[in-house]
Each structure stands twice: as C-alpha cells, then as structure tokens.
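The primary structure of each chain is shown beneath.
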Amino acid sequence: MNATKPLTIVIVGGVAGGASAATRARRMNENAEIILLEKDPDVSFANCGLPYHIGEEIPNRDSLLVATPEFLRRRFRLDVRTRHEAVSIDRQNKRVEVRCGETSGITWIDYDKLILAPGASPIRPNLDGADAENVLSLRNLNDTDRIKAIVDDKQTKNAVVVGAGYIGLEMVEQLAQRGLNTTLVELQPQVLPLLDPEMARPIADEIEAKGVSLLLGRSVTGLVTDGNNQVTEVSLSDGSTIPTDLVVMGIGVQPNIQLAVDAGLEIGVTGGIATNDFMQTSDPDIYAVGDAAEYRFGPTGKRMRVSLAGPANRAGRLAGQHAATGQSDPMPTVQGTSVVRVFGVSAAMTGLSRAMAKRMGVDAASVTIVAKNHAGYYPGAEVMTLKLVYQAETGKILGAQAVGGAGVDKRIDVIATAMQFEGTARQLSGVDLSYAPPFGSAKDPVHMAAFAACNQIDGIETFCDSDANLAGKQVVDVRTAGEIERTPLAGSPLSSESEAGVFAIPVDELRERIGELDPSLPTVVSCAVGVRGHIAARILKQHGFTVANLSGGATVRNRVNFVSSNEHP
C-alpha cells in the first residue's frame, strides 16, 4: 500500500452487503477513502420489511430506511453517491466506469480495493403485458410505493401473486389482510418448493383457510391488457383466466453478475461470482458479497448462491474489514436458514431438505416428529412438525424443517447453531435448553427429533417415510377405533387388495393380540404422530418382527397427495 496516499475502497451496491462492508471498512480504517455507489435513490433499507409496509403492519415508510446517505456521511465519513451505476471495471488500471443517473454523465473512479454487492434482480416472465403498469415485482422502496399506491386505491379489488416462495407468501398474507380478493399461482405442486411436500402442506391449508385462492401446478401463460396498459386478466396453463387489478411477480431472482462477467471474473457453478473464504474473487483486489456471490454451503461444503439477508450482512462485514486491513476472519459456512410467517402458521428451514439431499446425491436419512411448543398442560400450547435430516451412518446434521405455530423459529435456530459446529444428532440430543412450562418442555421438540434419529442410527428403530408406498406391507394402526374412524390413514392398502392388509390394534392391546399378526411379513406401524408407533415398534421388534414406524404417523402422512388408496405421485 502507498503510505502517502490513503487506501481507496470502492463499493458497488448498498443495502445489506454493501452498506455493511462500507461501515466495517470505516471502523477498521479511519484514513481510507471509502466510496459507496448505489444506482437507486435509497442506499440502505430493510428490503425484508417491504411487504409489511404494503400491508400497513409497518405504517411508517421511514422505518424501512436503515441508514440514509446523510447519516452514513455524517457518522462514518463515507462518500455516498446514490443514482450512480457502475457500468464497467478496468482491472488493469484498477478503475470503475460510473454513470450518474441524474446527468447520465460518465466518470472513472480509481480504486485500490473494489467490493461488488450488486444484488439480484427479480425474474420477469417473457410475456406480452409483463411491462404493464400494474405488473410489479418487489425489490426496492420504489416498487413498494408503486404496489402500495395500487393497493390503497379503493377501486382495487383483486390481486394475483405469481410464485409461492417467501416473497410471494408474504405478499399474499399482506394483500389478503388489506381486504383484496387474492389468488396465488405456483408452477410447482406445492407452496414453498424448498420444503419437503408434507412440510409445506400446513402453509397451503392456512392460505386456503384465510380465503385465498390457491392454484398449484399451473403457470401464467398470458396477461390481458386494456388500452391504458393495465393488466385486467391473467391467463393460466389450464385455460382458466383470473380478473385482476394487480399482479405481483415473485418467481425468483437472478444474480446481477454482468459487471463481473464483463470484467473477466470467474463465475461459480451455481451462477454467482466465485469467491474464496475471504470473499475475494478471482482478482484478489476485488471482493463479492450478497445475492450475486457464492458461499460455502455447510451441509455439502460446496459453493453456491444463498440469497438471504443474513449471509449478505456477515459477508459484507468481513469483506469490508479484509479490504481495509488485509486480514479478517474467514467467512463461515452458510446453512441457508430462513423463516416465513403466513397468517397464523410459520415455516422455517435450515440446510438440506430430504428432497434437496436426493437431488444433490447426498445420502441422507430423516425423522419427523409432531410436538407442542411448550408444556401441553400449560395453556396456549401450539403444535409444530419438526423434520430432522442427517447422515444415516455418522448422524451429522444436514438440515431441518419446522412448520406450525409459536416456537418454530427457535427450534430451527437451535439446530442451525448445531450445524454451524458440524454437530450430530447425538450431540443435539444432549443440548441443555432452557425450560419452564410457558416456554418449552423438559424434552423439547429438538430433543425428541434427535432422540428419534439416535434410535434409528443405533438400530433401535427403523422409520418409514411418510410418503412411502405401503402396498405389500402389513400395516398396524395402533390408534383407537374412534381416531381411525375420524382420520383414516391415507394411502394404506385395503385388506382386499393386499395379502398383508391393515390391522387396527390399539397399542394397549397389542401384546395380547400379537397373534393376529404375521411376523414373517414386513410390517409398518402407525399412530397419530409416531409416539405410540414407537412403543408398538419396540414391542413387535422384540417379538421377531421386521418393523418400521411411520414417520410422523397419520398426521404427517395424510398431508401427502395420494392418487388412490395405495398409490402416490
């Protein structure tokens, strides 16, 4: 570094990654010249809070402004330039070409270190009418203002949200709570495609219970506009049409990597800017953070894009320090931990789902438990479903999903913490968690999932996946007759169609009636949530049966969409 000239750090993009990098760089180097370029008018805002301002849960728009340019200049002596877009990088001469939006003038800015935080842009469908004034995505405060203006208009009655990911679900919740007739369209056969299907089902049920029209397995094929460039109808792949006054697109994002591509920087296998553990790109004087960068994914150790605010903030902080001082801690692995609230139900996940593990070729096992968020005898307990994914031989935790009421986020955060330290199911089973009846149970849902995983690892118990085909299995339903009548077990073979059949034997009668069963047949036991099934499985195994406990019992299995009584997709 030149001792007579201050270090110049140029940061492209604000919001989470860029603003964190800029402020950390200043705290670590008081003398550096730090220039923050942001192409939009707002340099640092709470993009995750945007849907809640539209829904007026956050009534004050200014609450979304995390840091204004004036604040950053005053507090951190940053040279903040809004409406300035970086259009090219001259790596040989270490300078950035910048277009000023107010004048469209071009200037060059020299740098010693360059940090790229360009973020990602919403994917727009290639359809006529996609550029209509009432077809919008939610990326920044300008988008928020435009959507909210339409929602606030008393003539607005109907809204269509396309895409059932996090943003789509949050928008559905907020639009419905504002009183609009809301339709959610999703190409996949489930909401929240990152989750395993049976874990996403309670969210879908909650959406429909709140009066939202949920259309799964359908795509948008057309947008019908009027003479005022307003979409009035949305056409779907099944031939149906939906009248609308507003269309919100939430079909995913694509990383803004063109600046890096044009500069000849290496692009990773998942389409983000390739980085090392200090967030340096293939050019060590250029860093990349946020949605456009790749991180090391904890469950696999491979680098991939993880478009979440938490990793962007943490990566920005480390990149800012490294650029300012030449050293920092390495960027920790990222687990992809996330949570969403949809009306009265929340869903959270970390790491791999079982379906993701299969797609990535990762050998994984899983257990599913259903439990209450705190002691059942204390008023107000709410039910959650927790699914733990782990390596079958070592027990290393690979991921988890939870869906239900209160406490979902706490359990996933505990498991994500264990994963950060490469914890195993056995270690998780011994975690000392706080307990009092209003807050939890002496055996927390986290413990129960870990106990079940340890039972499987130790050969004490075998589990049958909730969506397994039970044809040819001897199925023993150990619930009471009343429970079975109220909630039959979905997708179970009828006695007339299977040599094995289904036997209804309450668990408390199983020892006395065990002679009714054939120990030579592969057997699956089921109850409501798996607890009584565990007891039944232990009884039968010790009487010579080859037996598996249906993971999550009838509660979880009945969320699976079966084609017929003994077939499923």
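See the structure above.
Model, not experiment: these values are computed from the prediction.

A. Expanded view of the packing of aromatic side chains. The tally for this structure, following the rule as stated, stands at 1 aromatic pair. Judged by centre distance (6.2 Å) and plane angle (75°), the rings of F71 and F76 are edge-to-face. For F71, a relative accessible area of 22% corresponds to the partly exposed category. Across from the ring centre of W108, 3.9 Å away, lies the NZ or CZ of R95, which sits over that ring.

B. Just the pattern of salt bridges, in detail. Within the structure shown, the criterion is met by 30 salt bridges. For the salt bridge of R73 with E70, the shortest nitrogen-to-oxygen distance reads 3.9 Å. Placement of both R73 and E70 in helix α3 (residues 69-76) is noted, with a separation of 3 residues, approximately one turn of the helix. By relative accessible area, which is 36% here, R73 ends up partly exposed. Taking relative accessible area as the criterion, E70 reaches 47% and is therefore assigned partly exposed. We note a salt bridge from R218 to D238, for which the minimum N-O separation is 3.0 Å. Remark: D238 occurs in the loop between β16 (231-236) and β17 (241-243) and R218 occurs in the loop between β14 (213-216) and β15 (220-225); sequence separation between them is 20 residues. What makes R218 partly exposed here is its relative accessible area of 24%. Through salt bridges with shared partners, one network takes in E56, K148, D152 and R178.

Scoring rules and cut-offs
- Residues numbered from 1 in each chain as written.
- Predicted model: local features only at pLDDT ≥ 70, side-chain atom pairs only at ≥ 80, totals over all residues.
- Heavy atoms only, no water.
- Phe/Tyr/Trp six-rings, centres within 6.5 Å; stacked < 30°, edge-to-face > 60°.
- Buried < 20%, exposed > 50% of the residue type's maximum accessible area, 1.4 Å probe, protein only.
- Lys NZ or Arg CZ within 6 Å of the ring centre and 35° of its normal.
- Salt bridge = Lys/Arg side-chain N within 4 Å of Asp/Glu carboxyl O.
- Helix = DSSP H or I, 4+ residues; strand = E, 2+ residues; numbered from the N terminus.

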